[in-house]
Amino acid sequence: KNDIPSTIVVFGASGDLAKKKTFPALFHLFGQNLLPKRTRIIGYARTEMSEEEFRKRVTSKFAPEADKGLVKKFLDLCEYVSGKYDVDADFQNLRKEIDRLEKDAGIDTDAERIHVYYMALPPSVFVSVATQIKKNVYDESCINRLVIEKPFGHDLESSRELSKDIGALFDEVEVFRIDHYLGKEMVKNILSLRFANVFYEAVWNRHFISNIQITFKEPFGTEGRGGYFDEFGIIRDVMQNHLLQVLSIVAMNQPKSLDPEDIRDCKTEVLRNIKSIKLEDTLLGQYVASADGSKPGYLDDETVPKGSTTPTFAQCVLEVNNDRWHGVPWVIKAGKALNEARMLIRIQFKDMPNSLFPNLARNELVIQVSPKESVYIKTIVKEPGLSTNLAMSELDLTYKTRYHDIKIPDAYATLILDVLNGDYSNFVRSDELDEAWRIFTPLLHQIENDHVKPKPYEYGSRGPEGMYEFVEERTGYKRTGL
Ligand code: BG6
């Protein structure tokens, strides 16, 4: 644990992200004694609020069973400053507050200090706030870290523009781009699974793997978030970032070391080997009301513009063109308002050559990211007992059963700890981001320019008709139950 005195400024402190994720994560770290000893937290936002209101707001999503005494101690570290996002005097005031808090905490300004600027903000104010920080708050004598959340632009060009603007203010080593999927337990686990176990890495290639499916399913629709969602759509919302990040870790070659730059080099290399996705390799969907009419369709959401053709479901097939993966189809699928909440990585192996036994089914390795973290391998065994038949079974590592004493932390807690420790491994580098946009931008532009109509699917269903055939045609494998 690092004990360098740290000041964390959360911009957008009155917003949803801060309330739901940032502050609960900071509290979790505090409770685990993982924040550096002299940490100060400042919430900054436009809303005028009393300290009391601020405290109420930031603790509103804490677990109800949270220890009251601990919450109070945590709140003693927090303070609220209100100000505009583009006014010099407000940011100068913020700087004064930081200086005052550090002085009160007896922090020597000559000693090493960390300043974290966490932007829990809408993208429209990213650059203005970053500019203000650099101009009026930035302290050269500190280690400065700027944390930003997606969306990082909406296509390759706008993302490059944003990177250029931020890059003119902060060095790349000062920028931490959050993709919260990289903080999830099972996503972080992929590296260990793959490179610490001899038997995974030995078969992790086109000779043994027939196809890989990365699936993200949510059982709810836009529910009032339609304004934001409609501007982005499912591809920008989760595919270009979360799913592609997961894919790059599943596909990467072994890095030279665990150094963050080595890891990010290998992930970026994967993305470089993926061609831009074509419309003919994409199936788009948009949800309509559920069969019984109890759940509304996407277009029934009042925050969604009339007649919108924004996809809420997408399934794409792509290939990683390198020695390891040549010829192996990767299917990435994401959808809202489906039948269940589930995120998983399904690795399907090839059939046994010259098998003694009839091929019952193929082996599969499934890494379930959520809701129940688990790793299982579909394995064929002899049916137990006197029978000589074969049966499909599972080698099952369900975390809840195996590690029942351990509470898996929220992704944000892990990531904020990484920021404090200066560990970049689980943050997106600018060249990586650029490649991710390159893969999707032509497709996104084509969908939008040609007003490609998504296929309807019912709220609560598995997705649009034809999605299994779509995969079968491109992978040669039949539906697996998902
Ligand atoms: C966010 C998307 O990045 O990820 C949301 O904007 C989505 O639309 C969310 O619901 C999913 O995250 P999680 O951690 O709930 O799987």
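Residues numbered from 1 in each chain as written. Predicted model: local features only at pLDDT ≥ 70, side-chain atom pairs only at ≥ 80, totals over all residues. Heavy atoms only, no water.

As annotated in an unreviewed UniProt entry, the protein is Glucose-6-phosphate 1-dehydrogenase from Kickxella alabastrina.

## Quick notes on the sheet that holds strand β6 (residues 175-178)
The following threshold applies: Any two strands with at least two DSSP-identified bridges between them are counted as paired. Segments assigned H or I by DSSP are reported as helices when at least four residues long, segments assigned E as strands when at least two residues long, and all are numbered from the N terminus. Lines fitted to the C-alpha atoms define the axes, with helices restricted to the stretch that makes contact. Angles between their N-to-C directions range from 0 to 180 degrees. Only heavy atoms enter the contact rule, under which two residues are in contact if any of them lie within 4.5 Å.
The parallel open sheet is built from 6 strands, whose spatial order is β3-β2-β1-β4-β5-β6. Both edges of this open sheet fall to β3 (78-82) and β6, since each of them pairs with a single strand only. Pairs of neighbouring strands in the sheet enclose a mean axial angle of 20°, with direction left out of account. Note: strand β1 (residues 6-11) against strand β4 (residues 114-119), 6 bridges, orientation parallel. Counterpart to T7 in the pairing with β4 is H115. Against the sheet, helix α5 (residues 126-137) engages β1, β4 and β5 (143-149), with an angle of about 160° to β4.

## What about the site of the ligand?
The criterion, for reference: Near, as used in this document, describes a residue that has one of its heavy atoms within 4 Å of the molecule or strand being considered. Identification of polar contacts relies on pairs of N or O atoms within 3.5 Å, with a donor-acceptor requirement for protein atoms, meaning one able to donate a hydrogen and the other able to accept it, and with residues adjacent in sequence counted only if both atoms are side-chain atoms. The Shrake-Rupley method, run with a 1.4 Å probe sphere, supplies the accessible areas, and residue values consider only the shown protein chains as cover. When residues are sorted by character, Ala, Val, Leu, Ile, Met, Phe, Trp, Tyr, Cys and Pro go into the nonpolar class, Asp, Glu, Lys and Arg into the charged class, and all the rest, Gly among them, into the polar class.
Close to the ligand lie K150, H180, Y181, K184, F216, E218, R225, Y228, D237, H242 and K336, which account for all nearby residues. Between E218 and the ligand, the recorded distance is 2.4 Å, taken from a side-chain N or O atom to an oxygen atom. D237 is positioned such that a nitrogen or oxygen atom in its side chain is 2.5 Å from an oxygen atom of the ligand. Here the ligand, which alone exposes 400 Å², has 75% of that area covered by the protein. Counting residues per element, the shell around the ligand draws most heavily on helix α9 (residues 226-251), at 3 residues. Across the shell around the ligand, the residue classes tally to 3 nonpolar, 2 polar and 6 charged.

## Overview of the side chain of N189
What counts here: To sort residues, take the accessible area from a 1.4 Å probe on protein chains only and compare it with the maximum for the residue type: under 20% means buried, over 50% means exposed, and anything in between is partly exposed.
Considering the arrangement of structural elements, one finds N189 in helix α7 (residues 185-196). N189 gets classed as buried once you look at its relative accessible area, which sits at 14%. Apart from residues lying up to four places away in sequence, N189 is in contact with V375 and Y399.

## Some details on α7
Here is the rule: Residue count minus one, scaled by 1.5 Å, sets the expected span of a helix.
Given a rise of 1.5 Å per residue, 12 residues ought to cover 16 Å, and the 16 Å separating the end C-alpha atoms of α7 matches this to within 8%. Among the residues of α7, those classed as buried are M186, V187, N189, I190, L191, L193 and R194.

## What about the nonpolar core?
Just so we agree on the cut-off: Residues enter a nonpolar core if they are buried and are Ala, Val, Leu, Ile, Met, Phe, Trp, Tyr or Cys, with the set joined through side-chain atoms within 4.5 Å.
F23, W330 and F440 are the most contacted members of the largest nonpolar core, which totals 146 residues. With 12 residues, the top contributor of residues to this core is α9.

## Remarks on helix α2 (residues 51-59)
The condition is simple: Arc definition: directions from the helix axis to the C-beta atoms.
Among all positions in α2, only F54, V58 and T59 are buried. For α2, the arc enclosing every buried residue in end-on projection is 115°, short of the 170-degree limit, so these residues lie on one face. Turned more than 90 degrees away from the buried face of α2 sit E52 and K56, all of them exposed. Those residues of α2 hidden inside the fold are in contact with α1 (16-31), β2 (39-45), α3 (68-75) and β3.

## Things to note about the sheet that holds strand β9 (residues 313-319)
A sheet is described by the order of its strands in space; here 9 strands give the open sequence β14-β13-β12-β11-β7-β10-β9-β8-β15, paired in mixed fashion. Sheet topology places β14 (390-398) and β15 (455-458) at the edges, where each strand pairs with a single neighbour. Sheet twist, expressed as the mean angle between neighbouring strand axes with direction ignored, is 20°. Pairing between β9 and strand β10 (residues 329-335): 7 bridges, direction antiparallel. Bridge pairing links L318 to W330 in β10. Along the sheet, helix α14 (residues 467-475) makes contact with β7 (209-217), β8 (282-288), β9 and β10, crossing β9 at roughly 5°.

## Quick word on the pattern of salt bridges
Basically, it comes down to this: A pair is scored as a salt bridge if a Lys or Arg side-chain nitrogen falls within 4 Å of a carboxyl oxygen belonging to Asp or Glu.
One pass over the full model with this rule turns up 35 salt bridges. Among the ionic pairs, E79 bridges to R100, the shortest N-O distance being 3.2 Å. Here R100 lies in helix α4 (residues 88-104) and E79 lies in strand β3, a separation of 21 residues in the sequence. For R100, a relative accessible area of 36% translates into the label partly exposed.

## Thoughts on the packing of α4 against α5
Spelled out, the test is: Angle categories are assigned with fixed cut-offs, so that under 35 degrees is roughly parallel, over 145 is roughly antiparallel, 65 to 115 is roughly perpendicular, and the rest are oblique. A clockwise turn of the near helix away from the far one marks a right-handed crossing, whereas an anticlockwise turn of less than a right angle marks a left-handed crossing.
The contact between α4 and α5 brings their axes to 9 Å, and the two run at 55°. Our classification of the angle between α4 and α5 gives oblique. The chirality of how α4 crosses α5 is right-handed. For the pair α4 and α5, the contacting residues are D88, F91, Q92, L94, R95 and I98 in the first and V129, Q132, I133, K135, N136 and V137 in the second. Residues belonging to the contact of α4 with α5 are distributed by class as follows: 6 nonpolar, 3 polar and 3 charged.

## Points about the pairing of β6
Short version of the rule: Assignment of crossover handedness uses the view with strands pointing away from the viewer, where a clockwise path from the first strand over the helix to the second indicates a right-handed crossover.
What you see with β6 is no split at all: V175 and R177 on one side and F176 and I178 on the other are buried throughout. Read from β5 through helix α6 (residues 156-169) to β6, the crossover connection turns out right-handed.

## A look at the environment of N2
Following the sequence through the fold, N2 ends up in the segment before β1. Expressed as a C-alpha distance, the spacing of N2 and K150, which sit 148 residues apart in the sequence, is 27 Å. Leaving out residues up to four positions away in the same chain, N2 has contacts with P36, I114, L420 and N421. Of note is the side chain of N2, whose polar atom sits 2.8 Å from the backbone nitrogen of I4.

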